[in-house]
Amino acid sequence: MATRMREKAAKRRENAEKRPHAIARYVRISSRKVKIVIDLIRGKSVREALAILEYTPKAATEPVMKLLKSAIANAENNLDMNREDLYVAEVYANQGPTLMRFRPRAQGRASRIRKRTSHITIVLDQQAK
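Report on the accompanying structure. (Residues numbered from 1 in each chain as written. Predicted model: local features only at pLDDT ≥ 70, side-chain atom pairs only at ≥ 80, totals over all residues. Heavy atoms only, no water.)

**A closer look at helix 4 (residues 61–78)**
Filter applied, for reference: For helices the rule is a DSSP run of H or I covering at least 4 residues; for strands it is a run of E covering at least 2, with both sets numbered from the N terminus onward. Here, expected helix span is obtained from the residue count minus one, scaled by 1.5 Å. When accessible area is computed with a 1.4 Å probe and restricted to protein chains, residues below 20% of their type maximum are described as buried, those above 50% as exposed, and intermediate ones as partly exposed. What the arc measures is the spread of directions leading from the helix axis to the C-beta atoms. By definition in these notes, contact holds between two residues if any of their heavy atoms fall within 4.5 Å.
Here helix 4 is 18 residues long and its end C-alpha atoms lie 25 Å apart, about the 26 Å a rise of 1.5 Å per residue gives. Among the residues of helix 4, Thr 61, Val 64, Met 65, Leu 67, Leu 68, Ala 71, Ile 72 and Ala 75 are the ones counted as buried. Down the axis of helix 4, the buried side of the element spans an arc of 165°, and every buried residue falls inside it. The exposed set on the far side of helix 4, more than 90 degrees from its buried face, consists of Glu 62, Lys 66, Asn 77 and Asn 78. If you follow the buried residues of helix 4, they end up packed against strand 1 (21–27), helix 2 (31–41), helix 3 (46–54), strand 2 (86–95) and strand 5 (118–126).

**Focus: the pattern of salt bridges**
Should their charged atoms come close, side chains of opposite charge can pair. Using the following cut-off: Within this document, salt bridges are pairs made up of a side-chain nitrogen of Lys or Arg and a carboxyl oxygen of Asp or Glu, the two lying within 4 Å of each other.
On inspection of all chains with the given rule, the structure shows four salt bridges. Here Arg 47 ties to Glu 84 by a salt bridge, and the two come within 3.0 Å at their closest N and O atoms. Of this pair, Arg 47 sits in helix 3 while Glu 84 is found in the loop between helix 4 and strand 2, placing the two residues 37 residues apart along the sequence. On the accessibility criterion, Arg 47 (60% relative accessible area) is exposed.

**Points about the pairing of strand 3 (residues 99–104)**
The test is simple: Two strands qualify as a pair provided DSSP detects at least 2 bridges between them.
Here strand 3 runs beside strand 4 (residues 110–115); their pairing, made up of six bridges, is antiparallel. Within the sheet, the bridge partner assigned to Phe 102 lies in strand 4 and is Arg 112. The antiparallel hairpin formed by strand 3 and strand 4 contains five residues in its connecting segment, where Gln 107 sits at a positive phi of about 60°.

**A short note on the packing of helix 2 against helix 3**
Counted only if it meets this: Between N-to-C directions, angles cover 0 to 180 degrees, with each direction set by a line fitted to C-alpha atoms, over the stretch in contact for helices. Working definition: roughly parallel below 35 degrees, roughly antiparallel above 145 degrees, roughly perpendicular at 65 to 115 degrees, and oblique for all remaining angles. Whether a crossing is left-handed or right-handed is set by the direction in which the near helix is turned from the far one by less than a right angle, anticlockwise for left-handed and clockwise for right-handed. Just so you know the grouping, Ala, Val, Leu, Ile, Met, Phe, Trp, Tyr, Cys and Pro go in nonpolar, Asp, Glu, Lys and Arg go in charged, and all remaining residues, Gly too, go in polar.
At a closest axis distance of 9 Å, the pairing of helix 2 and helix 3 adopts a crossing angle of 140°. Taken together, the axis directions place helix 2 and helix 3 in an arrangement best described as oblique. Note on packing geometry: the crossing formed by helix 2 with helix 3 is right-handed. Between helix 2, through Val 37, Leu 40 and Ile 41, and helix 3, the contact on the second element is made entirely by Ala 49, Ile 52 and Leu 53. Residue classes in the contact of helix 2 with helix 3 are distributed as six nonpolar, no polar and no charged.

Function-wise, these values are silent; they only describe arrangement.
What follows is the structure in structure tokens.
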């Protein structure tokens, strides 16, 4: 049943993503709001993306900027890449679990409040010279 587990694990490690990336999970902001911000930086150089995030007046810019800086640090420290050659290859936000809360309403009823979360992923890559 569990044959060739070592070979399969080795092959999985070989095919693992070689590009630097960072993932933020369970961020307490709706993925719909995050997608507005990440659409601004997709495909941009790292320097340009940081400048855009610096002056974008949205609540989602703070976690996205922190995540981008983390991905840059991963590229520099783990993969010995130059910061100037990096650009945002992929960035996406998926919906996380929703916290359900209840608010009292008229005539003894209650209505549901949805506190949405999101998982944000940034993948960087080097520009071909």
